[in-house]
Amino acid sequence: MMGLLNNQGFVPWLLGVLFLSTLLFLCRADDHYYDFFVRESNFTKLCNTKSMLVVNDSFPGPEIRVHRGDTVHGVKQPRNPWSDGPEFITQCPIQPGTNFTYKVILSDEIGTLWWHAHSDWTRGSVQGAFIIEPAENESYPFPTPDADQTIILQSWYNRDFLEIITTALSTGQSPPNADAYAFSGNLGDTYGCPNDTIFRMQVDYQKMYLLRIINAAMNEPKFFSITNHSLTVVAQDASYVKRFTSDYILISPGQTMDVLLFANQNMGQYYMAMRPFSDSAATPSNFITTGILQYTNSVGVPNNNTITLPLMNDTSAAYNFTAKIKNINIKQNPPLDVPRRIDRRIYITIATNAVPCTESTCVGPRKFLASLNNVSFDFPTTDILQAYYNRIDGVFTRDFPQNPPVFFDFTGNLTGVNTNTTEGTRAVVLNYGEAVEIVLQATQLGAGGNHPIHLHGFSFYWVGSGSGNFNNVTDPRSYNLVDPPLINTVQVRGRGWAAIRFFARNPGVWFMHCHFERHSSWGMDTVFIVKNGTTPKTSILPPPASGMPRCPGT
């Protein structure tokens with residue numbers, strides 16, 4: 001059971017492969033109790049001290065660890081959008097001096113998830129791991145590791161997270177790049193501040209370790225490697241995958257990855273390292289951040305000349321890696337259930353836009369927005385779930401376009417293309433049980449580049465991807481309907497597309513957004529509403545008897 005008390009401003013939450021939020025944390029097979037206190041604490045990094053909103057005075061926050069049999073509603077939140085958490089989508093913010101109880105019930109997830117706040121940019125510091133171990137009578141589908149280690153990849157800013165995005169939105173400018181990156185709160189030894197700490201993982205020779213890697217960075221996919229050691233990928237987004245071995249991994253914001261490490265090298269100390277990946281014209285800070293893998297009783301220091309990572313713009317390394325991720329048909333995974341006959345096809349273009357900036361705070365004639373199908377999401381002041389459930393008019397409309405309003409050469413020549421976008425709170429409404437295919441198409445509007453797209457309430461099958469503009473006649477022939485990975489965040493490659501499929505069997509209101517925080521803040525979001533089925537067990541659960549957080553002004 002988890003109690004979360006908010007004394008420092010509004011904190012909406014979210015549970016899922018990405019997010020857990022909670023004042024109360026309930027497990028059916030076994031009860032767990034966690035008290036979360038959200039408050040400002042001081043942290044010193046890069047020889048600079050700042051106050052930062054965190055949980056229980058720690059960065060990252062506390063790790064939640066349960067067994068699969070404990071059943072804690074996870075990313076899919078079956079029939080329970082009331083505990084999903086995104087601000088003004090499924091709830092209004094938790095107001096200062098108040099608390100809220102989330103009922104958290106897992107479905108079939110296994111492995112690594114994470115929790116974080118879901119308001120503005122507060123997830124940059126209010127975050128932590130959510131580990132779901134096998135049930136007491138359940139085994140791993142690989143050799144049982146001798147131990148596991150959580151590693152959270154993070155962005156560090158010297159400025160306050162909320163101030164950064166508030167200033168960017170008011171001036172119409174892009175937020176700045178991160179000042180550094182961190183391994184679980186440790187900046188390593190590459191930034192020049194002698195007081196910065198370095199992440200250390202101690203291992204014993206010939207032992208096997210399960211690394212639980214979470215990309216909690218704000219805007220940067222990450223390459224990650226450990227010098228002289230191979231990494232065997234076994235799971236992504238709390239679902240097992242076919243094992244494969246690589247010298248590095250690529251993991252996008254919002255994603256989690258479980259990786260086996262065999263400590264079989266000469267006794268010593270070895271660098272683990274990460275750097276961002278980018279195929280965009282808006283490049284992130286190209287920092288290499290270090291940690292240390294240290295064999296027990298080893299001496300000396302690691303040699304930084306041995307760090308091997310792909311270059312920041314190495315698209316071949318990035319997409320060769322992601323192409324290896326496949327589903328595995330084992331009893332520990334949900335039975336493969338890929339939709340074959342599609343009831344609803346949705347084609348969504350992804351863009352950043354430049355529109356006239358007319359506010360007095362603007363520093364130039366135009367400002368940044370972002371859009372899906374040329375609609376930049378406008379967050380309401382009453383949450384959409386409440387409006388939908390209670391039939392409140394005027395909060396959202398049900399007319400999100402299911403095809404681009406204008407077709408052009410999305411990934412090619414944009415001469416003469418209008419970069420403006422409309423703003424609105426427009427939702428997609430699905431019938432319960434529909435077989436859905438969504439094709440996500442990157443465009444070269446703005447800086448272009450890849451996008452990690454996350455859909456709340458579902459794990460979905462990633463059935464296809466490719467370069468260029470999607471061809472609805474030829475490209476589906478290349479779909480993988482045999483062993484597509486079951487994930488919750490898909491990376492749409494720059495100048496390319498990705499296709500996902502799922503059955504709409506989770507009634508409720510579910511947020512879809514880019515997991516680059518600047519893009520989501522600019523409006524690269526939408527909402528999917530799944531209508532009730534014909535029975536109580538296929539309908540939304542009623543709201544909690546204790547009520548939901550009050551909306552501003554009510």
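Everything discussed here concerns the structure shown above.
Residues numbered from 1 in each chain as written. Predicted model: local features only at pLDDT ≥ 70, side-chain atom pairs only at ≥ 80, totals over all residues. Heavy atoms only, no water.

**Here we look at the layout of surface pockets**
In this approach the atoms are scanned with a rolling probe the size of a water molecule, which exposes any empty space left behind. In this model, the largest pocket occupies a volume close to 560 Å³. Considering the residues around the largest pocket, the lining is formed by 28 residues, among which Leu169, Phe379, Ser520, Ser521 and Trp522 are closest to the centre. Residue assignment for the lining of the largest pocket shows that the elements contributing at least two residues are strand E6 (111-117), helix H1 (161-171), strand E20 (366-372), strand E21 (375-377), strand E30 (508-514) and helix H4 (517-522). If you tally residues by element for the lining of the largest pocket, the top one is H4, at four residues. Here the residues of the lining of the largest pocket are counted per class, giving 12 nonpolar, nine polar and seven charged. (1 Å grid on protein atoms, 1.4 Å probe; cavity = no way out; pocket = protein on both sides within 12 Å on 5 of 7 lines; lining within 4 Å. Points joined across faces, edges and corners; volume = space filled by probe spheres on them. Helix = DSSP H or I, 4+ residues; strand = E, 2+ residues; numbered from the N terminus. Nonpolar A, V, L, I, M, F, W, Y, C, P; charged D, E, K, R; others polar.)

**Examining the sheet that holds strand E31 (residues 525-530)**
Spatial ordering of the open sheet is given by E23-E31-E30-E25-E28, a layout of five strands whose pairing is mixed. Both edges of this open sheet fall to strand E23 (427-430) and strand E28 (489-492), since each of them pairs with a single strand only. The average undirected angle you get between the axes of adjacent strands in this sheet is 20 degrees. (Pairing = 2+ DSSP bridges. Axes fitted to C-alpha atoms, helices over the stretch in contact; angles between N-to-C directions.)

**Observations regarding the pairing of strand E7 (residues 127-133)**
The side chains of a regular strand alternate, residue by residue, between the two faces of the sheet. When you tally the buried positions in E7, you get seven out of seven residues, the bulk of the element. One ladder, built from six bridges, connects E6 with E7; its direction is antiparallel. Following the sheet pairing, Trp114 is matched in E7 by Ala129. (Buried < 20%, exposed > 50% of the residue type's maximum accessible area, 1.4 Å probe, protein only.)

**Thoughts on helix H2 (residues 315-322)**
Considered for burial, the residues of H2 that qualify are Ala317, Ala318, Tyr319, Phe321 and Thr322. Put simply, Asp314 is the residue that caps the front of H2, since its side-chain oxygen is 3.3 Å from the backbone nitrogen of Ser316. (Polar contact = N/O pair within 3.5 Å; in protein donor to acceptor, adjacent residues only side chain to side chain.)

**Concerning empty space enclosed by the protein**
Under the defined criterion, the tally for this structure stands at three cavities of 30 Å³ or more. Taken as a whole, the largest cavity holds about 120 Å³ of empty space. Lining the largest cavity we find 15 residues, and of these Gln255, Thr322, Ile325, Trp462 and Gln491 sit closest to its centre. Among the secondary structure elements, those contributing two or more residues to the lining of the largest cavity are H2, strand E26 (460-467) and E28.

**Quick word on the state of the cysteines**
The full count for this structure, using the stated rule, is three disulfides. In this model Cys47 forms its disulfide with Cys193; the gap between the sulfur atoms is 2.0 Å. Judged by the torsion about the S-S bond (100 degrees), the Cys47/Cys193 disulfide is right-handed. In this pair, Cys47 is assigned in the loop between strand E3 (34-45) and strand E4 (48-55) and Cys193 in the loop between strand E9 (180-183) and strand E10 (199-203), connecting sequence segments 146 residues apart. Note on cysteine connectivity: Cys357 is disulfide-linked to Cys362, with sulfurs 1.7 Å apart. Between Cys357 and Cys362 the disulfide shows an S-S torsion of about -70 degrees. By sign, it is left-handed. Comparing Cys357 with Cys362, the two get one shared label, buried. (Disulfide = S-S within 2.5 Å.)

**Some points on the sheet that holds strand E12 (residues 222-226)**
The five strands lie next to each other as E10-E18-E17-E12-E15, forming an open sheet whose pairing is mixed. Single-partner strands in this sheet number two, and they are E10 and strand E15 (249-251). Averaged over neighbouring strand pairs, the angle between their axes works out to 25 degrees when direction is ignored. As judged from the five bridges shared by E10 and strand E18 (residues 289-295), these two strands associate in the parallel manner. Its bridge partner being in E18, Phe199 is matched across the sheet by Gly291. Strand contacts of H2: E12 and E15, with the helix running at about 85 degrees to E15, the strand carrying the most contacts. (Contact = heavy atoms within 4.5 Å.)

**Looking at the packing of aromatic side chains**
Tallied over the entire structure, the rule returns 31 aromatic pairs. A centroid spacing of 4.9 Å and a plane angle of 70 degrees characterise the contact between Phe470 and Trp497, whose relative ring orientation is edge-to-face. Placement of Phe470 in the loop between E26 and strand E27 (486-487) and of Trp497 in strand E29 (residues 496-503) is noted, with a sequence separation of 27 residues between them. By relative accessible area, which is 13% here, Phe470 ends up buried. Taking the relative accessible area as the measure of exposure, Trp497 reaches 2% and is therefore buried. One aromatic cluster is present, built from ring pairs that chain together Tyr347, Phe407, Phe408, Phe410, Phe470, Tyr479 and Trp497. Lying over the aromatic face of Phe503, Arg505 brings its terminal NZ or CZ to 4.0 Å of the ring centre. Geometry around Phe516 places Arg518 over its ring, the cationic atom sitting 5.6 Å from the centre. (Phe/Tyr/Trp six-rings, centres within 6.5 Å; stacked < 30°, edge-to-face > 60°. Lys NZ or Arg CZ within 6 Å of the ring centre and 35° of its normal.)

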